[in-house]
Amino acid sequence: MEGTVFTPSLEGMQHIKSPEGEMLTKPFLEVCKLIMPVIDKFGTAMTLVKTDIGGNISRLEKKYQSDSTKYNYLYNMVKEEVECETAKGSSSCTNGLLWLTRAMDFLVELFRNLLAHPDWTMTEACTDSYGKTLKKFHGWIASSSFTVAMKLAPDRKKFMEVIAGSGDVNADMEKFCSAFPPFLEENHKFLAGFGLDDMKA
């Protein structure tokens, strides 16, 4: 593998915005997809997260493919649903974007924990980042399932070796943690403008 598991997503981030600074649908979803191999390396501990991310990417992609000109800009989907008063529906693209963004928040927080706490086990890093991000939006059942799954997190040393490839994994992880959050924050800010940022599971 050339570079680390983060290399493709770091390259992809350069294309998320149009020259005018608009969030583009396809490149944003591509970056989310490109981080999936990292999730794969967690094995069963991340099955729930992977399914959730995959489902939300598919939902948004399907909408984008239905009219790639109309939905070239990511937020057009949300604006349309707000106008049609369907944004708060559980199967809406707005809901898909919100949960996809939250799942990415969780991953960023997890990578930050791995960088900041070299002595933590993988389970500790996962549990802490879950508490800071997704937990407050999850009901009791989702929260319990998640807590159990975190106990299945892989050995930290092995995990870091697997994702390192031929590059400097800590440096790339750090780059990812500084370059990706501004896009996620922009999503939250946009959704909050319509009062859509606090929907729970």
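Small disclaimer: the values here were computed from a predicted structure and weren't measured.

Considerations on the environment of Lys 62
Now for step 1: Residue position: Lys 62 is located in helix α4 (residues 47-66).
Now for step 2: Take Lys 62: its relative accessible area is 66%, and that puts it in the exposed class.
Now for step 3: Through-space distance from the C-alpha of Lys 62 to that of Ala 142 is 26 Å; in sequence the pair is 80 residues apart.

Points about the pattern of salt bridges
Now for step 1: Under the counting rule described, the total for this entry stands at eleven salt bridges.
Now for step 2: One salt bridge connects Lys 17 with Glu 186, and the closest N-O pair in it is separated by 2.5 Å. Here Lys 17, found in the loop between α1 (7-12) and α2 (25-34), pairs with Glu 186, found in helix α11 (residues 181-192); they are 169 residues apart in sequence, far enough to count as distant.
Now for step 3: We classify Lys 17 as partly exposed; its relative accessible area is 31%.
Now for step 4: For Glu 186, a relative accessible area of 25% gives the class partly exposed.

Overview of the packing of aromatic side chains
The description of two aromatic rings rests on the distance between their centres and on the angle between their planes.
Now for step 1: All told, the structure shown has twelve aromatic pairs when counted by the stated rule.
Now for step 2: Each ring, one from Phe 180 and one from Phe 183, has its centre 6.4 Å from the other, and the planes form 55 degrees; the classification is tilted.
Now for step 3: Residue Phe 183 is classed as buried on the basis of its relative accessible area, which comes to 13%.
Now for step 4: Pairing Phe 190 with Phe 194 gives two aromatic rings, centres 5.2 Å apart and planes at 70 degrees, and the pair type is edge-to-face.
Now for step 5: Classification of Phe 194 by relative accessible area gives partly exposed; the value is 37%.
Now for step 6: An aromatic cluster is built from Phe 6, Phe 28, Phe 111, Phe 176, Phe 180 and Phe 183, whose rings are joined through pairwise contacts.

A few points about the nonpolar core
Now for step 1: Residues Phe 6, Phe 28, Ile 53, Phe 106, Phe 111 and Phe 180 are the most contacted members of the largest nonpolar core, which totals 65 residues.
Now for step 2: With 13 residues, the single largest contributor to this core is helix α6 (residues 93-116).
Now for step 3: The residues touching Phe 111, leaving out its near neighbours within four places in the chain, are Phe 6, Ile 35, Val 38, Met 173, Phe 176 and Cys 177.

Some remarks on α11
Now for step 1: When the terminal C-alpha atoms of α11 are compared, their 16 Å separation across twelve residues agrees well with the 16 Å that a helix rising 1.5 Å per residue should span.
Now for step 2: Looking at α11, one finds that the buried residues are Pro 181, Phe 183, Leu 184, Asn 187, His 188, Phe 190 and Leu 191.
Now for step 3: Among the structural elements, α2, α5 (74-84), α6 and α10 (169-179) are those in contact with the buried residues of α11.

Examining the confidence of the model for the chain
Now for step 1: In this model, the chain carries an average pLDDT of 93, and 100% of its residues clear a pLDDT of 70 or more.
Now for step 2: Helix α8 (residues 140-150) is the least confidently modelled element of the chain, averaging 87 in pLDDT, while α11 averages 98, the highest of any element.

Brief notes about the UniProt feature "domain: Glycolipid transfer protein" (unreviewed entry) in the chain
Now for step 1: Per the UniProt entry, the sites bearing "domain: Glycolipid transfer protein" (unreviewed entry) are residues 24-164 in this numbering.
Now for step 2: Annotated as 72% helix and 0% strand, the span residues 24-164 places its first and last C-alpha atoms 29 Å apart.

Observations regarding the packing of α10 against α11
Now for step 1: Direction vectors running N to C along α10 and α11 enclose 25 degrees, while the axes themselves pass 5 Å from each other. It follows from the interaxial angle that α10 and α11 lie roughly parallel. Residues Phe 176, Cys 177, Ser 178 and Ala 179 of α10 form the contact with α11, whose own contacting residues are Pro 181, Pro 182 and Phe 183.
Now for step 2: Among the residues forming the contact of α10 with α11, the class breakdown is six nonpolar, one polar and no charged.

Some remarks on the packing of α2 against α4
Now for step 1: Where α2 contacts α4, the axes come no closer than 11 Å and their chain directions differ by 155 degrees. Classified by the interaxial angle, the pair formed by α2 and α4 is roughly antiparallel. In this structure, α2 crosses over α4, and the sense of that crossing is left-handed. Contacts between α2 and α4 involve Thr 25, Lys 26, Leu 29, Glu 30, Cys 32 and Lys 33 from the former and Ile 57, Leu 60, Glu 61 and Tyr 64 from the latter.
Now for step 2: Taken together, the residues that form the contact of α2 with α4 break down as five nonpolar, one polar and four charged.

Observations regarding unusual backbone geometry
Excluding glycine, most residues fall at negative phi; most peptide bonds, likewise, are trans.
Now for step 1: For Glu 85, which is not glycine, the phi dihedral falls at a positive 60 degrees.
Now for step 2: Inspection of the secondary structure assignment puts Glu 85 in the loop between α5 and α6.

The rules behind each value
Residues numbered from 1 in each chain as written. Predicted model: local features only at pLDDT ≥ 70, side-chain atom pairs only at ≥ 80, totals over all residues. Heavy atoms only, no water. Helix = DSSP H or I, 4+ residues; strand = E, 2+ residues; numbered from the N terminus. Buried < 20%, exposed > 50% of the residue type's maximum accessible area, 1.4 Å probe, protein only. Salt bridge = Lys/Arg side-chain N within 4 Å of Asp/Glu carboxyl O. Phe/Tyr/Trp six-rings, centres within 6.5 Å; stacked < 30°, edge-to-face > 60°. Core = buried A, V, L, I, M, F, W, Y, C linked by side-chain atoms within 4.5 Å. Contact = heavy atoms within 4.5 Å. Expected span 1.5 Å × (residues − 1). pLDDT = per-residue confidence, 0-100. UniProt positions renumbered as here; feature names shortened; annotations may be inferred. Axes fitted to C-alpha atoms, helices over the stretch in contact; angles between N-to-C directions. Parallel < 35°, antiparallel > 145°, perpendicular 65-115°, else oblique. Nonpolar A, V, L, I, M, F, W, Y, C, P; charged D, E, K, R; others polar. Left-handed = near helix turned anticlockwise from the far one by under 90°.

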